[in-house]
Structure formats: C-alpha cells, structure tokens
Amino acid sequence: MGIDTMKALITGGAGFFGTVLKHYLSEKGVESIIYDLVPDTDKVKNTVAIQGDLCNLSQLENCFKNYAPFDVVFHVAAQLAHSVKDTDFLWRSNVDGTRNIVEMAVKYKVPHLVFTSSNCLWGIPMGRKIVETDPPHPVEIYGKSKWEAEKVLLNYKDSLNMSIIRCPTITDAGRVGLLAILFEFIEENRSCLLYTSPSP
C-alpha cells in the first residue's frame, strides 16, 4: 500500500506538532482525521477535523465508528505543564486519554500506533548522554505523566504494533522562541559558547 492511500488519525492535530504533521501528511496524499480538544481552524487538504476529548470514551469511539479503519494512529496530543494549572486535568488527559486511544486502536484493529513521549522522562542530569536503556526518573508532573502513559501503552504491546518516540522540545519556523537568536548567530557565522557537562 502506498502512502497516498493511507488513512491516519492524529490526536492533538490542532496543536503545534500536530499541525506540522498534518501538513506533511497532506502533502503526501494521506487522508487524516484530526481529533483535538480545541477546534481545528486550519483548512488543510485531505483532513477532517473532529473536536472531542480523549477522556470521553463515547466521543472517541464515535470518531472510530465514523472514520475507521485507520492505517495508523499518531497520538501526539498532550497537556503541557506550563499551559494548564489543573494537574489532575493534565494527568487525566495524558494518561487516561492515552489508555482510551490505545484501547480504541486495539478494538478497531489499527495496525500501528505512534506515540510522542518526551525526554522529560529523565529529570536529573547524569553528566553524560542519556541512552535508551537508562531507567526513566521524571521529577515533574509532565514527565511523570508521559512515563505513566508509556507504561499504559506497553500493557498492549502484544496486541498492537507501536512506536514510542522520546523527543525533546519540537521546534519549527513557528516555534523557536529564544532559539531564534542562536539560529541567527549561526546564520551570521558568529561564535557561540557551548556549555557541556564534564566527562565522568
């Protein structure tokens, strides 16, 4: 099957990375269903936007009933600690919402699920590069919720093919913040200071 005949579900498709992803998939000819808590006002070719809550199982199942089968679910929805004051809401969204989406993916026989986790799983500097075999040790609520969501997913590893990506902060032209200054320095061929931890 070619990528241009695929159908994807993107949770959090109205967010920053979800928007980057849906535009990319649209350019490849992939049909995408966007499922997000907030309205998706983008008009992107090959996409259908559904407003719904991952924590509302009946809403989520209606999405699957109406639009499945999916070839892949990109689960990129997440509540960030700096954007919400209610930590219970963050935990429900990131953990219970993940449980709901994987249960629906298994029930509707989705072949593959991709989950964006976080490098916040390691909250204490180790003085060296983190490797995949390092046991997670998150220290704040967002990292803890991502680690718990991973554990939820791993309970279904025998029922669903999945990929977990522990990515750092995702940047793009619309989200560089202070990094814009660094990129300007590099473009202007200026010298930049780089601070590293000493070798162990």
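Look up: the structure comes first, before these words.
Quick look at the structure, then.

The rules we used
- Residues numbered from 1 in each chain as written.
- Predicted model: local features only at pLDDT ≥ 70, side-chain atom pairs only at ≥ 80, totals over all residues.
- Heavy atoms only, no water.
- Pairing = 2+ DSSP bridges.
- Helix = DSSP H or I, 4+ residues; strand = E, 2+ residues; numbered from the N terminus.
- Axes fitted to C-alpha atoms, helices over the stretch in contact; angles between N-to-C directions.
- Buried < 20%, exposed > 50% of the residue type's maximum accessible area, 1.4 Å probe, protein only.
- Contact = heavy atoms within 4.5 Å.
- Polar contact = N/O pair within 3.5 Å; in protein donor to acceptor, adjacent residues only side chain to side chain.
- Salt bridge = Lys/Arg side-chain N within 4 Å of Asp/Glu carboxyl O.
- Left-handed = near helix turned anticlockwise from the far one by under 90°.
- Nonpolar A, V, L, I, M, F, W, Y, C, P; charged D, E, K, R; others polar.
- Phe/Tyr/Trp six-rings, centres within 6.5 Å; stacked < 30°, edge-to-face > 60°.

1. Some points on the sheet that holds strand β2 (residues 31–36)
And step 1. Strand order in the open sheet formed by six strands is β3-β2-β1-β4-β5-β6, and the pairing between neighbours is parallel. The outermost strands of the open sheet, each flanked by one partner alone, are β3 (47–51) and β6 (161–165). Taken pair by pair, the neighbouring strands of this sheet meet at an average axis angle of 15°, ignoring direction.
And step 2. Pairing of strand β4 (residues 72–75) with strand β5 (residues 112–116) involves three bridges; the strand directions are parallel.

2. Regarding the environment of H75
And step 1. Looking at the element boundaries, H75 is found in strand β4.
And step 2. Residue class for H75 comes out buried when judged on its relative accessible area of 0%.
And step 3. Considering only alpha carbons, one finds H75 and T98, 23 residues apart in sequence, at a separation of 7.9 Å.
And step 4. Residues contacting H75, with those up to four places away along its chain left out, are T11, L54, T98, I101, V114, F115 and T116.
And step 5. Within polar-contact distance, the side chain of H75 engages the side chain of T98 at 2.9 Å.

3. Topic: the pattern of salt bridges
And step 1. Evaluation of the coordinates by the stated rule reveals eight salt bridges.
And step 2. A salt bridge links D96 to R99; its shortest N-O distance comes to 3.0 Å. In this pair, D96 and R99 both sit in helix α3 (residues 87–107), three residues apart, roughly one turn of the helix.
And step 3. D96 gets classed as partly exposed once you look at its relative accessible area, which sits at 29%.
And step 4. Since its relative accessible area comes to 30%, R99 is described here as partly exposed.
And step 5. Put simply, K151 and E148 hold a salt bridge, and the shortest N to O gap is 3.2 Å. Linking K151 with E148, this pair stays in helix α4 (residues 141–154), spanning three residues, or about one helical turn.
And step 6. Overall, E148 belongs to the partly exposed group, its relative accessible area being 26%.
And step 7. Look at the salt bridges and you will find they share partners, linking K22, D40 and D42 into a network.

4. Concerning the packing of helix α2 (residues 57–67) against α3
And step 1. At a minimum axis separation of 10 Å, α2 and α3 run at an interaxial angle of 35°. Of the two possible hands of crossing, α2 and α3 adopt the one that is right-handed. Of the residues in α3, those touching α2 at L57, L60, E61 and F64 are N100, I101, M104, A105 and K107.
And step 2. Among the residues making up the contact of α2 with α3, the classes are represented as six nonpolar, one polar and two charged.

5. Topic: the side chain of N94
And step 1. Following the sequence through the fold, N94 ends up in helix α3.
And step 2. Only 2.8 Å separates the side chain of N94 from the backbone nitrogen of Q79, close enough to count as a polar contact.
And step 3. Apart from residues no more than four positions distant in its own chain, N94 is found in contact with A78, Q79, Y142, S145 and A149.

6. Digging into the packing of aromatic side chains
And step 1. For the structure shown, the criterion picks out two aromatic pairs.
And step 2. Ring centres 5.4 Å apart and planes at 90° place the aromatic pair F64 and F70 in the edge-to-face group.
And step 3. A ring pair is formed by F64 and Y108, whose centres lie 5.4 Å apart and whose planes are at 35°; its orientation type is tilted. Residue F64 is found in helix α2, and its partner Y108 is found in the loop between α3 and β5; the two are separated by 44 residues along the sequence.
And step 4. According to the relative accessible area criterion, F64 is buried, its value standing at 1%.

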